[in-house]
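The chain contents come next:
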Amino acid sequence: MRPPGSPVGLHRVVAPVGVLPQAAERLDASPELWPGEVRIRVERLNLDAASFRQLSDKHGDAVRAEVLAIIEARGKMHNPVTGSGGMLVGVVDEVTPESPLGLKPGDRVATLVSLTLTPLRITDGLARWDGRSEQVPAEGHAILFARSIAAVLPDDLPVPLALSVMDVCGAPALTQRVVTPGSVVAVIGAAGKSGSLSLAAARRAGAARLIGVVPHAREAETLTAAGLADEVVIADARDPVALAAAVSQAGGPADVTVVCVDVPGCEHGSILATRDGGTVIFFSMATSFSAAALGAEGLAADVTMLVGNGYAPGHADLALDLLRSEPGVRGLFEGRLA
């Protein structure tokens, strides 16, 4: 019998030895379990938005081959350009007695930890994926550690819909925690998954004015129809002056600005759109945190900047409740899947 594994997965790190799995260049994705581990039979991957955009833009029709190459080389889905991965849905295949996760064989679960630290092996060549969607039908296996997080999927929602929600469930949880009653809240990328959930969470937290920022007219029409924002504005989040002006004209500057876009270069605009003493929450994996820090310094902006880490207690339940209770949120999610 193998000796006990590390609760955080150090025993799965192949190189460089001594770092945590997320920072590793390569993980051991073999199916044999160490005490404390769980093996998942993979059904579907969900690539995070920033990673999928970068891979699609660079590799086009060859994106499937590139994703396979990354997983094969690294033993995990860890985009070397964006540094991000995503999460997955699958069925629990085997649970060691030492696992504290409370899972049992046959449970259909979503992993709530990043694919960048999850040992993963794909066995079907992603043959059923057309490369045009963040959601990737797949066969293979993944390994969860004792400190991993997974949630059993609800029976009342289709798997692709539940997966889409759980992929971004950290965003509404932190937004609800930060927003105070009477706040002006601006959400950049408001028609997307994390953006729409953040608007709904901000409303629930008592925000007095919600400003949804989108890049073009089509998304503005969609978000307006959803009824989630008090004001919908069109602005290029990469143009700091234009973004700040658009938010100001809509009732800003914001007390809280939530950044949910999947393109780089939005740091300075989000800072300019936020009042002194306000808070900027960065949920996008395309964010340059050095650009954010140095930009705030250069602008003499007295703002608190938070990194959305994807986890908060109860985050999956909150996100699913917002989906069920807010028709506008559900409509946006179902529209993206369609």
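As the structure is a computational prediction, the values presented were derived from the model and not from experiment.

Counting 52 residues, the largest nonpolar core has Met-166, Val-185, Leu-197, Leu-199, Leu-223, Val-258 and Phe-333 as the members making the most contacts within it. Ranked by residue count, the leading element in this core is helix H10 (residues 315-325), at six residues. Filtering out sequence-adjacent residues up to four positions away, Leu-199 remains in contact with Val-187, Ala-190, Leu-210, Ile-211, Leu-223, Leu-228 and Ala-229. Counting 26 residues, the second largest nonpolar core, distinct from the first, contains Val-42, Val-92, Ile-122 and Trp-129.

Across a regular strand the side chains alternate sides, sitting on one face of the sheet and then on the other. Buried residues dominate strand S7 (residues 135-144), accounting for nine of its ten residues. Note that strand S3 (residues 38-47) and S7 share eight bridges and pair antiparallel. The partner of Leu-45 across the bridge, within S7, is Val-136. As paired strands, strand S6 (residues 120-122) and S7 are joined by three bridges and run antiparallel to one another. Bridging across to S7, Arg-121 finds its partner in His-141.

On to the pairing of strand S9 (residues 184-188). In terms of burial, S9 is largely enclosed, as five of its five residues are buried. The side-chain alternation of S9 yields two buried faces, one formed by Val-184, Ala-186 and Ile-188 and the other by Val-185 and Val-187. Across five bridges, the pairing between S9 and strand S10 (residues 209-214) is parallel. Paired with Val-187 across the strands is Gly-212, a residue of S10. Note that the unit made of S9, helix H5 (residues 193-204) and S10 has a crossover that is right-handed. Of the pairings in the sheet, the one linking S9 to strand S12 (residues 254-259) comprises four bridges and is parallel in character. From the neighbouring strand, Ala-186 faces S12, where its bridge partner is Thr-257.

Below, the discussion takes up the pattern of salt bridges. Any two side chains of opposite charge can pair, so long as their charged atoms come close to each other. Scanning the model with the defined rule gives 19 salt bridges in all. The shortest N-O distance in the salt bridge between Arg-204 and Asp-321 comes to 2.8 Å. Here the residue Arg-204 occupies a position in helix H5, and Asp-321 occupies one in helix H10, the gap between them amounting to 117 residues. With a relative accessible area of 40%, Arg-204 lands in the partly exposed category. Residue Glu-334 pairs with Arg-330 through a salt bridge whose shortest N-O separation is 2.9 Å. A residue pair is termed a helical-turn pair when its members lie 3 or 4 positions apart in one helix, as Glu-334 and Arg-330 do in helix H11 (residues 327-337) at four residues. Among the residues examined, Glu-334 registers a relative accessible area of 37% and is labelled partly exposed. In the salt-bridge network here, residues are joined through shared partners; they are Arg-39, Arg-41, Asp-93 and Glu-94.

A pair of packed helices is characterised by two quantities: the angle between their axes and the separation of those axes. In the contact formed by H5 and H10, the axes pass within 10 Å of each other and the chain directions differ by 90 degrees. On the basis of the axis angle, H5 is roughly perpendicular to H10. From H5, Leu-197, Ala-200, Ala-201 and Arg-204 reach across to H10, where they touch Leu-318, Ala-319, Asp-321, Leu-322 and Ser-325. Of the residues belonging to the contact of H5 with H10, the class tally is six nonpolar, one polar and two charged.

Turning our attention to the side chain of Asp-255. As for its placement among the helices and strands, Asp-255 is situated in strand S12. Ignoring sequence-local partners within four residues, the contact set of Asp-255 consists of Gly-182, Ser-183, Val-184, Thr-274, Arg-275, Gly-278 and Thr-279.

Those residues of H11 lying buried are Gly-328, Val-329, Leu-332 and Phe-333. On an axial view of H11, the arc spanned by its buried residues comes to 135 degrees, and they lie on one face. Its buried side turned inward, H11 meets helix H3 (159-167), H5, helix H6 (217-226) and H10.

This brings us to the environment of Phe-289. Looking at the element boundaries, Phe-289 is found in helix H9 (residues 289-298). Look past the residues within four positions of Phe-289 in its chain and what remains in contact with it is Phe-282 and Val-307.

Spatial strand order, S11-S10-S9-S12-S13-S14: six strands in an open sheet with parallel pairing. The outermost strands of the open sheet, each flanked by one partner alone, are strand S11 (231-234) and strand S14 (304-307). Averaged over all adjacent pairs, the angle separating strand axes in this sheet is 20 degrees, with direction ignored. Looking at chain direction, strand S13 (residues 274-282) and S14 are connected through four bridges and run parallel. Paired with Ile-281 across the two strands is Leu-306, which belongs to S14.

Taken as a whole, this structure holds one cavity of 30 Å³ or more when the rule is applied. Considering only enclosed or pocket space, the largest cavity measures out at about 30 Å³ in volume. Taken together, Val-259, Val-261, Val-263, Gly-265, Cys-266, Glu-267, Phe-282, Ser-284 and Thr-287 make up the full set of residues lining the largest cavity.

Procedures and definitions
- Residues numbered from 1 in each chain as written.
- Predicted model: local features only at pLDDT ≥ 70, side-chain atom pairs only at ≥ 80, totals over all residues.
- Heavy atoms only, no water.
- Core = buried A, V, L, I, M, F, W, Y, C linked by side-chain atoms within 4.5 Å.
- Buried < 20%, exposed > 50% of the residue type's maximum accessible area, 1.4 Å probe, protein only.
- Helix = DSSP H or I, 4+ residues; strand = E, 2+ residues; numbered from the N terminus.
- Contact = heavy atoms within 4.5 Å.
- Pairing = 2+ DSSP bridges.
- Right-handed = clockwise from strand over helix to strand, strands pointing away.
- Salt bridge = Lys/Arg side-chain N within 4 Å of Asp/Glu carboxyl O.
- Axes fitted to C-alpha atoms, helices over the stretch in contact; angles between N-to-C directions.
- Parallel < 35°, antiparallel > 145°, perpendicular 65-115°, else oblique.
- Nonpolar A, V, L, I, M, F, W, Y, C, P; charged D, E, K, R; others polar.
- Arc of directions from axis to C-beta.
- 1 Å grid on protein atoms, 1.4 Å probe; cavity = no way out; pocket = protein on both sides within 12 Å on 5 of 7 lines; lining within 4 Å.
- Points joined across faces, edges and corners; volume = space filled by probe spheres on them.

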